[in-house]
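Take a look at the letters that make up each chain.
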Amino acid sequence: MTGRIVVAGASMGGLRAAEQLRAAGWTGAVTVVGDEPHMPYNRPPLSKEVLAGKEPFESLAITPKAAAADVEWRLGTKAVAARLDERTVELGDGSSLSYDGLVVATGMRPRRLRCPGPLAGRHTVRTLADAQGLRGELIRPGARVVVVGAGFIGCEVAATAVGLGVREVTVVDPLPLPMVGPLGELLGRALLKRHEERGVRFALGRGVAGFEGAERVAGVVLGDGTVLPADVVVESVGSAANVEWLDGNGLDLSDGVLTDEQLRVGGRADVVAVGDVARFPNARYDGVPRRVEHWSIPTDTAKHAARVLVAHLAGTGPGSAPFAPLPTFWSDQHDFRLQSFGAPVLGKDDVRILDGDPEGDILVGYHTGGRLVGVVALGGRAATLRAARHRAQLLKQPALTA
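The model shown is predicted, which means the values in this text are computed figures rather than measured ones.

Cut-offs applied
Residues numbered from 1 in each chain as written. Predicted model: local features only at pLDDT ≥ 70, side-chain atom pairs only at ≥ 80, totals over all residues. Heavy atoms only, no water. Helix = DSSP H or I, 4+ residues; strand = E, 2+ residues; numbered from the N terminus. Rg over C-alpha atoms; globule rule 2.2 N^0.38 Å. Buried < 20%, exposed > 50% of the residue type's maximum accessible area, 1.4 Å probe, protein only. Areas by Shrake-Rupley, 256 points an atom, 1.4 Å probe, with all protein chains shown as cover. Lys, Arg positive; Asp, Glu negative; His and termini not counted. Charge placed at Lys NZ, Arg CZ, Asp CG, Glu CD. Pairing = 2+ DSSP bridges. Axes fitted to C-alpha atoms, helices over the stretch in contact; angles between N-to-C directions. Core = buried A, V, L, I, M, F, W, Y, C linked by side-chain atoms within 4.5 Å. Contact = heavy atoms within 4.5 Å. Salt bridge = Lys/Arg side-chain N within 4 Å of Asp/Glu carboxyl O. Parallel < 35°, antiparallel > 145°, perpendicular 65-115°, else oblique. Left-handed = near helix turned anticlockwise from the far one by under 90°. Nonpolar A, V, L, I, M, F, W, Y, C, P; charged D, E, K, R; others polar. 1 Å grid on protein atoms, 1.4 Å probe; cavity = no way out; pocket = protein on both sides within 12 Å on 5 of 7 lines; lining within 4 Å. Points joined across faces, edges and corners; volume = space filled by probe spheres on them. Expected span 1.5 Å × (residues − 1). Phe/Tyr/Trp six-rings, centres within 6.5 Å; stacked < 30°, edge-to-face > 60°.

(A) Quick peek at the overall build of the protein chain. On a plain count of helices and strands, the protein chain comes out with 8 helices and 27 strands. Taking 21 Å as the expected radius of gyration for a compact globule of 402 residues, we find that the protein chain reaches 22 Å, a close match to that expectation. Taken along its principal axes, the extent of the C-alpha atoms in the protein chain is 60 × 55 × 35 Å. Relative to its full complement of 402 residues, the protein chain shows a buried share of 52%. Summed over its atoms, the accessible surface of the protein chain is roughly 16,600 Å², and 50% of this surface lies on carbon and sulfur atoms. Across the protein chain, 45 positive and 45 negative side-chain charges occur, with their mean positions spaced 3 Å apart.

(B) Spatial organisation of the pairing of strand β4 (residues 79-83). Note that β4 and strand β5 (residues 88-91) share 4 bridges and pair antiparallel. Its bridge partner being in β5, Ala-82 is matched across the sheet by Val-89. Two successive antiparallel strands, β4 and β5, enclose a turn made up of 4 residues, where Arg-87 displays a positive phi of approximately 60°.

(C) Broad picture of the sheet that holds strand β14 (residues 219-222). Across the sheet, which stays open at both edges, the 3 strands sit in the order β13-β14-β15 with antiparallel pairing between neighbours. Of all the strands in the sheet, the pair left with one neighbour each is β13 (208-212) and β15 (227-229). Geometrically, the sheet is characterised by an average inter-axis angle of 25° between neighbouring strands, direction not taken into account. In this structure, β14 lies alongside β15, joined through 3 bridges in antiparallel fashion. Bridge pairing in β15 links Val-221 to Val-227.

(D) Examining the nonpolar core more closely. If you look at the biggest cluster of nonpolar residues, it comprises 54 residues, and the most contacted ones within it are Leu-21, Leu-102, Val-104, Trp-245, Leu-246 and Val-257. No other element matches helix α6 (residues 297-314), which puts 6 residues into this core. Once residues within four sequence positions are removed from consideration, Leu-102 is found in contact with Val-6, Leu-84, Val-89, Trp-245, Asp-270, Val-271, Val-272 and Leu-309.

(E) How the structure looks around the pattern of salt bridges. What the rule picks out here adds up to 31 salt bridges. Among the salt bridges present, the one from Arg-198 reaches Asp-335, with a minimum N-O distance of 2.9 Å. Of the two residues, Arg-198 sits in the loop between α5 (185-197) and β12 (201-204) while Asp-335 sits in the loop between β23 (328-333) and β24 (336-342), which places them 137 residues apart along the sequence. Relative accessible area serves as the criterion here: at 59%, Asp-335 is assigned to the exposed category. Through salt bridges with shared partners, a single ionic network connects Lys-193, Glu-197, Arg-198, Asp-335 and Glu-359.

(F) Region of interest: the packing of helix α1 (residues 12-23) against α6. At a minimum axis distance of 8 Å, the contact between α1 and α6 shows a crossing angle of 40°. In terms of orientation, α1 and α6 fall into the oblique class. In this structure, α1 crosses over α6, and the sense of that crossing is right-handed. Of α6, the residues touching α1 (which contributes Met-12, Gly-13, Arg-16, Ala-17, Gln-20 and Leu-21) are Pro-298, Thr-299, Ala-302, Lys-303, Ala-306, Leu-309 and Val-310. Tallied by class, residues from the contact of α1 with α6 come to 8 nonpolar, 3 polar and 2 charged.

(G) Examining the layout of surface pockets more closely. Here the second largest pocket is characterised by a volume of approximately 300 Å³. Every residue lining the second largest pocket is counted, 13 residues in all, and those nearest its centre are Ala-52, Lys-54, Ala-159, Thr-160 and His-334. When residues of the lining of the second largest pocket are traced back to their parent elements, those giving at least two are α3 (152-163) and β23. Ranked by residues supplied to the lining of the second largest pocket, first place goes to α3 with 5 residues.

(H) Fine view of the sheet that holds strand β18 (residues 257-258). The sheet built from 3 strands is open, its strands ordered β18-β21-β22 with mixed pairing. Of all strands in the sheet, those bounded by a partner on one side alone are β18 and β22 (289-290). Both β18 and strand β21 (residues 278-281) contribute to a ladder of 2 bridges, which runs parallel. Counted as the bridge partner of Leu-258 is Arg-279 from β21.

(I) Structural view of the side chain of Thr-384. Note that Thr-384 resides in helix α7 (residues 381-388). What Thr-384 contacts, discounting residues up to four positions off in sequence, is Arg-337, Gln-339 and Ala-377.

(J) Local environment of α3. Under the 1.5 Å per step criterion, the end-to-end length of α3 is 17 Å for 12 residues, consistent within 8% with the ideal 16 Å. For α3, every residue scored as buried is listed here: Gly-154, Cys-155, Glu-156, Val-157, Ala-158, Ala-159, Thr-160 and Ala-161. Looking at the buried positions of α3, the neighbouring elements they touch are α2 (128-138), β10 (144-148), β11 (168-173), α5, β16 (232-235) and β23. Phi turns positive, to about 90°, at Gly-165, one or two residues after α3.

(K) Focus on the packing of aromatic side chains. For the coordinates displayed, the defined rule picks out 3 aromatic pairs. Note on Phe-280 and Phe-323: the rings are 5.1 Å apart at their centroids and 65° apart in plane angle, and the pair reads as edge-to-face. Of this pair, Phe-280 sits in strand β21 while Phe-323 sits in the loop between α6 and β23, placing them 43 residues apart in sequence.

As structure tokens, this is what we get:
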């Protein structure tokens, strides 16, 4: 095969896409572009082991598979525009790349609070540089830390900070329980209790109105007027998709990049999307397009999208059944783990305890129409192993009706 495939985005999704293009038989050129100066690295440890100083930053690096050794990497310059009809991508350094096939893998960036007050002392956790900067703040003696957002990253950072001996850690969220959005009330209450027992404070049901301080943050002002003293603030309030570079091409970019059931973008056979920027219908469930921000998704989407794109360029058609992954995630917090298989968020109206109890290790099932669509374990290794046993059952579940 001749020609070139451009992969826009050089994190996990971009790397896996490059590898899977070779695995699917593409022998032409592959060029990966990305804004960070580093080769792809593993992000989940940023808020846990690396932030805690248990693993060096260098341990995050991912070595590309041998089959992708000839891939061209253009790092430190991102895609800033695309003309899909002309099959070109413009880069931040002023150059442009023509392509025969395009993989959209530009991922997400952290949302920031738009509140009055100083910026110094406020952090996010998404990149290697973010984690390096935050770690330097957390190990300062006597630091008071406020984490805004009680989702996955917020809870992980709070747990890490307590483990580092930070004197005061408070988590703020407008919702009534941590992680209640993806997991529901039962596990939200169980998580709250576990975090509080280990020293994390919570200010729930309240949002942030602003920040106190002159040149650097000194306090967090809540919506009810309460002021939480803070030397360090971590903003974990969701993500925004990096899709602006695709403006002007008639695509649905309202929440990531909308794809069809084969991960093709905008009805174009020569453009696919991978990773958490892709909003795709999952044939395993109800067919409603959704983005999935789980660690397994870059690899799962890359495998499917690469096959589809290479088949098109070879002139053989998609040759694949509709994309139907089983989402998987885990989250290590303090001395316990959350382990999930499936799509719990689709079954929050029918949550059942499958094993254990909220005071100890617990395994919870999420159901839609009486069908098990997700399981989540909370606790030690035994609980997570019990969750894994339900994986085969979830894989056999028939598709839900939209």
